[in-house]
Amino acid sequence: MDTTGTLFMPSGASTISGEVDAVFNFILIAGSIIFAIVVGLIIFFSVRYRRRDKPGLTSGISHNLKLELTWTIIPVILVFFAFYFGFKTYLKMSIVPGNAIEIKATGQKWFWSFDYPEGVTTVNELVVPVDQPVKVLLSSQDVIHSFFVPNFRIKMDVLPNRYTVTWFEAHQKGEYNLFCAEYCGTEHSEMVGKVRVVSESEYQNWLEESSTAGEGMTPAEYGAKLYISKSCNTCHSIDGTAGNGPSFKNIFGKTEKFADGSQAVVDENYLRESILEPANKIVAGYQNIMPTYQGLVKDREIDALIAYMKTLSNEQQ
Amino acid sequence: MNTIESPNYMNAKKGILSWLFTLDHKRIGILYLIGIMAAFALGGILAMLIRMELIHPGQDIMDADTYNQVFTLHGAVMIFLFIIPSIPAALGNFFLPIMIGARDVAFPKLNLASWWIFIGGSLFAVFSMYAGAVDTGWTFYTPYSTKTGTAVISMTLGVFILGFSSIFTGLNFIVTIHKLRAPGLTWYKLPLFVWGLYATAIIQVLATPVLGMTLILLILERVFQIGIFDPAMGGDPVLFQHFFWFYSHPAVYIMILPGMGIISELISVFAHKKIFGYKAIAYSSLAIAFISFLVWGHHMFVSGQSEIAAMIFSFLTFLVGIPSGIKVFNWLTTLYKGSITFETPMLYALSFLFLFTIGGLTGIFLGALATDVHLHDTYFVVAHFHYVMVGGTVMAFMGGLHYWWPKMFGRMYNEKWAKFAALLIFVGFNITFFTQFILGSQGMPRRYYNYLDQYQPLHAFSSYGSWILGLGFLIAFIYLFYAAFKGRPAGRNPWGALTFEWETPSPPPTENFDKDPVLRHEPYDYDKVLVERTYPEK
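Counting starts from 1 at the beginning of each chain's written sequence and moves along it residue by residue. Both sets of labels track the order of writing: A upward for chains, 1 upward for ligands. With the structure being a predicted model, the display of local features is reserved for residues of pLDDT at least 70 and the display and counting of side-chain atom pairs for 80 or more, all residues being used for whole-chain, interface and lining totals.

### Quick look at the overall build of chain A
At step 1: Secondary structure elements follow DSSP: runs of H or I no shorter than four residues count as helices, runs of E no shorter than two count as strands, and numbering proceeds from the N terminus. Helices and strands together make up the secondary structure of chain A, namely 6 helices and 12 strands.
At step 2: Radius of gyration here is computed from C-alpha atoms only, and the compact-globule reference equals 2.2 Å multiplied by the residue count raised to the power 0.38. Its C-alpha radius of gyration of 28 Å places chain A more than 25% over the 20 Å reference for a compact globule of 317 residues.
At step 3: The C-alpha extent of chain A, read off along each of the three principal axes, is 95 × 50 × 35 Å.
At step 4: Within chain A, the proportion of its 317 residues that are buried is 36%.
At step 5: Partitioning the intrachain contacts of chain A with sequence separation of at least 6 by distance along the chain shows that 65% fall at a separation of at least 24. The exposure label follows from counting other C-beta atoms within 10 Å of a residue's C-beta, where the C-beta atoms are placed from the backbone and the thresholds are 20 or more for buried and 12 or fewer for exposed, leaving partly exposed in between. By definition, residues are in contact whenever their C-beta atoms, placed on the basis of the backbone, come within 7 Å of each other.

Okay, here's the thing in structure tokens:
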């Protein structure tokens, strides 16, 4: 349980969350009162009018216009308010402020990637400045996904044939969960990212560092980092356990058999091809499900990943 | 003492073939009952497996692919094989003709055909479990369902075939209600269960074809690579959602309206009181049936549909809620100045009032746009849906089953066991599903095999509840089965009820009545007529 939130809602971290919660609470309170009346009357009538002696004829009342109008009109008014408040807030959630920065988000089985106007690309990590409206332009590479950040109270489906848009303005620094909310297959529940809300200066530093990432590290160290941040770990283990893809343990120098019956020794070129064109050679026993990383990784990052895989293997040449 | 020798529909003919090819609506009702009970048991076992797997994060008893297939099958089996046919095809088939004083439905052969089609469609659906299983969710959303490598075709073909069984039943009921009512039984003297079935039948006939066409388009796309829904072939995946929900939203009213009809009967009989607001209840069923066609877009508030569309669908969604609220208030007022007894059917009716009210009120959170954006596709929706479908329809079904069991088999079940099971079901259900409201509003997405640690306590709690719930249903199955063969004879009218079916022997003769029924009073005239119970009141 999120201990910073209420019983029903996780803590609200966006400018819209307070308003959404107000609508939620309005319905919760009005609904609870109606529920209490209904259950109270069930119990009261059940006790008061339980049969105490032999069955007999009972009252024939079957209509009461005033009563029936009352229980029609009051709920109509209440739900009209629920409709109105819900719609009003929804409009605010739909209209992107003019001063928003735009980040492109792509959903694919089974990770998120984010492209910043500054040229930075991240996987499963959306870093944004606090108190700044952010427009997220969404699209999918394969099936429908859904971009859901509970703490911001936003959700928008991510479609393969058109762009959809959502926006938020975080007013609380911190780290928040990003879920895929539209069922998308085997690793649907692993399609979980983070939204990191930082101060404007931290954001600028982060952008700077990201474009020069990996400096001061050995390629293998940098590769180990990328293994997590590019979400290779969703499908490829490093301890030999089977996943949706072959484990990276001892992968380098190994002879792989492919689905079409051919085979090859895993070398640098094979690994590079498998990252950029994963459908070309499918290892026997696995499905053709890996998306291409074309455009998501730079050459330098591929080098680092290969260096990292070598450290996981006995045979390193 | 414990034998029933009067000629009746059960002992009229012998042999399995006399059942499988019967034209008697009562026997067809029993055949349907066996079919849906098998489906309910299968769906229930799948549900227990789901809750077992979710007791901890990560893998407990199955891997992710298996889990995805299990929740898909749970949904598809429960919706298409159990809950849609449950009340209309089993209880409705058995009792609709008797309640209107007819000897059978209008088209007995069509009725038999619908059962065979039901079996055929079910076999296709269950076959998909062997043919690689389906992992799309019961909603079959494209383009996932056009891409996934599993047996989507056999499952959707099964659902397509099942649709015809539903259409045949609906068509049969409409004609039967129009043409075969006993002399003097005018529309406003019909039992409200009949009104509920009538409203249901309208939706079955008008909406089911749309589902059929949608699934055929999906199959064509998969087989012939015609681009309809898959953007890779030039199709539009959101189009599928429009088509699917154009059927499947009215379909939830196919599932609940007959249940509401049963509740009207139960509340009046066990409060021993004239139903309050007869016409309001009858017309609200029709109102629900018609408005239900205009609200499908509320399943798509975050699908990228326009804000204008979202606004209109949200507004209409609130409208469709009002008639349901009116019904609840009418039932409640029927209790006022009654002479209430609390036999098992009434316990289920009161459970229905309690749970369905929660189900209805939580629908408001989902109908309101701003809150739906947050709650959509979370466990909140799962909880809401189960409160309406299990807390609503299944409670009504269980109530109806206990109410009419002594009529169907002529024998009474053990009341103590029945009350105990009803209590287990009520408590277990609330533990299982109320927790899911909180899980959902806290952000837990649905259809997740694995989840973050913060959700674990509530998931575990929900799983414990499912054991109580499952035990309750198991006990109910056992004593009901036992009672059908060994229970004490119940007599014609164990509840002192006033509708036609209680004037004929239990079990009824093949022709339904020993002599032509004569309308002597209206179905809820507890202010004018007192009928002795034929089974001792406890």
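### Re the overall build of chain B
At step 1: Helix and strand counts for chain B stand at 15 helices and 2 strands.
At step 2: The dimensions of chain B, computed from C-alpha atoms along their principal axes, are 65 × 45 × 45 Å.
At step 3: For chain B, the residues scored as buried account for 63% of the 538 residues in total.
At step 4: A fraction of 84% describes how many contacts in chain B between residues 6 or more apart in sequence connect residues 24 or more apart.

### Remarks on the sheet that holds strand E8 (residues 164–168) of chain A
Residue and element names in this part refer to chain A.
At step 1: When DSSP finds two or more bridges between two strands, those strands count as paired. The 5 strands lie next to each other as E3-E2-E1-E5-E8, forming an open sheet whose pairing is mixed. Bordering the open sheet on either side are strand E3 (121–123) and E8, each of which pairs with just one other strand. Averaged over all pairs of adjacent strands, the angle between strand axes in this sheet comes to 25 degrees, irrespective of strand direction. Geometry is summarised by axes, namely lines fitted to C-alpha atoms with helices restricted to the contacting stretch, and by angles between N-to-C directions that run from 0 to 180 degrees.

### Looking at the domain arrangement of chain A
Often the size quoted for an interface is simply the accessible area lost on bringing the parts together.
Residues and elements named next belong to chain A.
At step 1: For the domain bounds, the source is a domain assignment made automatically or taken from a database. Once the domains are mapped, chain A shows domain 1 (101–211) and domain 2 (219–311).
At step 2: A separation of 25 Å is found between the C-alpha centroids of domain 1 and domain 2.
At step 3: Every contact between the two is made by 14 residues of domain 1 and, on the other side, 8 residues of domain 2.
At step 4: Considered class by class, the residues forming the side of domain 1 that touches domain 2 number 3 nonpolar, 6 polar and 5 charged. Nonpolar residues are Ala, Val, Leu, Ile, Met, Phe, Trp, Tyr, Cys and Pro. Charged residues are Asp, Glu, Lys and Arg, and all others, Gly as well, are polar.

### Comments concerning the pairing of strand E7 (residues 154–158) of chain A
All names here are of chain A.
At step 1: The element E7 is extensively covered by neighbouring structure, given that 5 of its 5 residues are classed as buried.
At step 2: Across 5 bridges, strand E6 (residues 145–149) lies against E7 in antiparallel orientation. Bridging across to E7, Phe-148 finds its partner in Lys-155.
At step 3: Between E6 and E7, which pair antiparallel one after the other, the connecting turn spans 4 residues, and Arg-153 there sits at a positive phi close to 60 degrees.

### Thoughts on the sheet that holds strand E9 (residues 174–180) of chain A
Residue and element names in this part refer to chain A.
At step 1: An order of E4-E10-E9-E6-E7 is seen for the 5 strands of this open sheet, with the pairing classed as mixed. Since the sheet does not close on itself, it has two edges, and those belong to strand E4 (125–129) and E7, each with one partner. The average angle at which neighbouring strand axes cross in this sheet is 20 degrees, direction not considered.
At step 2: Bridge analysis of E9 against strand E10 (residues 193–198) gives 5 bridges, and the strand direction is antiparallel. Across the sheet, residue Glu-175 finds its bridge partner in E10, namely Arg-196.
At step 3: Sitting on the sheet, helix H3 (residues 200–211) is in contact with E4 and E10, with an inclination near 135 degrees to E4.

### So, the interface of chain B and chain A
At step 1: The interface is formed by 77 residues belonging to chain B together with 74 residues belonging to chain A.
At step 2: Broken down by secondary-structure element, the contributors of at least two residues to the side of chain B that touches chain A are helix H3 (64–99), helix H5 (144–147), helix H8 (237–271), helix H9 (278–291), helix H10 (307–335), helix H11 (344–367), helix H12 (369–375) and helix H14 (415–441) of chain B.
At step 3: When grouped by side-chain class, the residues that make up the side of chain B that touches chain A number 43 nonpolar, 23 polar and 11 charged.

### Concerning the packing of H14 of chain B against helix H15 (residues 456–486) of chain B
Think of two packed helices as two axes; the pair is described by the angle between the axes and how far apart they sit.
All names here are of chain B.
At step 1: Contact geometry for H14 and H15: axes closest at 7 Å, N-to-C directions at 155 degrees. The pairing of H14 with H15 is recorded here as roughly antiparallel in orientation. In the crossing of H14 with H15, the sense of the turn from one axis to the other is left-handed.
At step 2: Grouping the constituent residues of the contact of H14 with H15 by class yields 21 nonpolar, 9 polar and no charged. Orientation is classified from the angle alone, with under 35 degrees giving roughly parallel, over 145 giving roughly antiparallel, 65 to 115 giving roughly perpendicular, and any other angle giving oblique. Note: crossing handedness is left-handed where the near helix turns anticlockwise from the far helix by less than a right angle, and right-handed where it turns clockwise.

### Observations regarding the nonpolar core
At step 1: In terms of nonpolar packing, the biggest core is built from 255 residues, with Val-194, Tyr-198, Ile-263, Leu-266, Ala-349, Phe-352 and Ala-368 of chain B touching the most fellow members.
At step 2: Residue contributions to this core peak at 23 residues, all from H3 of chain B.
At step 3: Residue contributions to this core reach at least three from each of two domains, namely domain 1 (101–211) and domain 2 (219–311) of chain A. What makes a nonpolar core is a set of buried Ala, Val, Leu, Ile, Met, Phe, Trp, Tyr and Cys residues, with links drawn between C-beta atoms within 7 Å.

### A closer look at helix H7 (residues 192–224) of chain B
Counting along an α-helix, one turn takes 3.6 residues, and residues three or four places apart therefore face a common direction.
At step 1: Expected span of a helix, by definition, is 1.5 Å for each gap between consecutive residues, and there is one gap fewer than residues. Between its first and last C-alpha atoms H7 of chain B spans 47 Å; for 33 residues at 1.5 Å apiece the expected length is 48 Å, and the two agree.
At step 2: At Ala-207 of chain B, H7 of chain B shows its largest bend, some 30 degrees, and a proline, Pro-209 of chain B, comes one to four positions later. Throughout, bend refers to the angle between the axes fitted to the seven residues that end at a position and the seven residues that start at it.

### Some details on the pairing of E4 of chain A
Residues and elements named next belong to chain A.
At step 1: Counting buried positions along E4 gives 4 out of 5 residues, so the element sits mostly inside the fold.
At step 2: Bridge analysis of E4 against E10 gives 5 bridges, and the strand direction is parallel. When the sheet's bridge partners are listed, Leu-126 is paired in E10 with Val-195.

### Observations concerning H8 of chain B
All names here are of chain B.
At step 1: With 35 residues, H8 ought to run about 51 Å at 1.5 Å a step, and its terminal C-alpha atoms sit 51 Å apart, in line with that.
At step 2: Where H8 bends most, at Trp-245, the angle is about 30 degrees.
At step 3: One or two residues past the end of H8 sits His-272, with phi positive at roughly 50 degrees.

### Some words on the confidence of the model for chain B
Detailed reading of the predicted model is not advised wherever pLDDT is low.
At step 1: Mean pLDDT over chain B works out to 93, with 99% of the residues at or above the 70 mark.
At step 2: Both scores are available for the predicted complex, with the pTM at 0.91 and the ipTM at 0.92. pLDDT expresses how confident the predictor is about each individual residue, on a scale running from 0 to 100.

### Some thoughts on unusual backbone geometry
At step 1: The residue after Lys-109 of chain A, namely Trp-110 of chain A, is reached through a cis peptide bond having omega -10 degrees.
At step 2: Position of Trp-110 of chain A among the secondary structure elements: in the loop between strand E1 (101–108) and strand E2 (111–115).
At step 3: The amide bond that connects Thr-142 of chain B to the next residue, Pro-143 of chain B, takes the cis arrangement and shows omega of -5 degrees.
At step 4: Summarising the element assignment, Pro-143 of chain B is placed in the loop between helix H4 (108–130) and H5.
At step 5: Phi is positive for Asn-250 of chain A, which is not a glycine, with a value near 55 degrees.
At step 6: By the secondary structure assignment, Asn-250 of chain A is in the loop between helix H4 (219–229) and strand E11 (255–257).
At step 7: We note that Lys-337 of chain B has phi near 60 degrees; this positive angle belongs to a residue other than glycine.
At step 8: Exposure remark for Lys-337 of chain B: the 17 C-beta atoms within 10 Å place this residue in the partly exposed category.

### Observations regarding the confidence of the model for chain A
At step 1: For chain A, per-residue confidence averages 90 on the pLDDT scale, and residues scoring 70 or more make up 98% of the total.
At step 2: Here H4 of chain A is the element of chain A with the lowest mean pLDDT, 86, and E6 of chain A is the one with the highest, 97.

### Here we look at the packing of H4 of chain A against helix H6 (residues 299–311) of chain A
Residue and element names in this part refer to chain A.
At step 1: Two numbers describe how H4 lies on H6: the axes approach to 7 Å, and their chain directions differ by 100 degrees. Looking at the two axes, H4 sits roughly perpendicular to H6. For the pair H4 and H6, contact is made by Pro-219, Ala-220, Tyr-222, Gly-223, Ala-224, Leu-226 and Tyr-227 and by Glu-301, Asp-303, Ala-304, Leu-305, Ala-307, Tyr-308 and Thr-311, respectively.
At step 2: Residues that form the contact of H4 with H6 fall into these classes: 10 nonpolar, 2 polar and 2 charged.

### Topic: the environment of Ile-98 of chain B
Residue and element names in this part refer to chain B.
At step 1: Structurally, Ile-98 can be placed in helix H3.
At step 2: In this structure, the C-alpha to C-alpha distance between Ile-98 and Glu-501, residues 403 residues apart in sequence, is 5.4 Å.
At step 3: Ignoring anything within four residues of it in the chain, the contact list for Ile-98 reads Phe-500, Glu-501, Thr-504, Pro-508 and Asn-512.

### Remarks on the environment of Tyr-141 of chain B
At step 1: Within the secondary structure layout, Tyr-141 of chain B lies in the loop between H4 and H5.
At step 2: The buried category is assigned to Tyr-141 of chain B, around which 21 C-beta atoms lie within 10 Å.
At step 3: Between the alpha carbons of Tyr-141 of chain B and Ser-248 of chain B there is a distance of 13 Å; along the sequence they are 107 residues apart.
At step 4: Those residues in contact with Tyr-141 of chain B that sit more than four places away from it in its chain are Ile-144 of chain A together with Thr-136, Phe-240 and Gln-241 of chain B.

### Considerations on the environment of Tyr-130 of chain B
Residues and elements named next belong to chain B.
At step 1: For Tyr-130, the position within the fold is in helix H4.
At step 2: Tyr-130 gets classed as exposed once you count the C-beta atoms within 10 Å, which come to 9.
At step 3: For the pair Tyr-130 and Thr-200, spaced 70 residues apart in sequence, the C-alpha separation works out to 33 Å.

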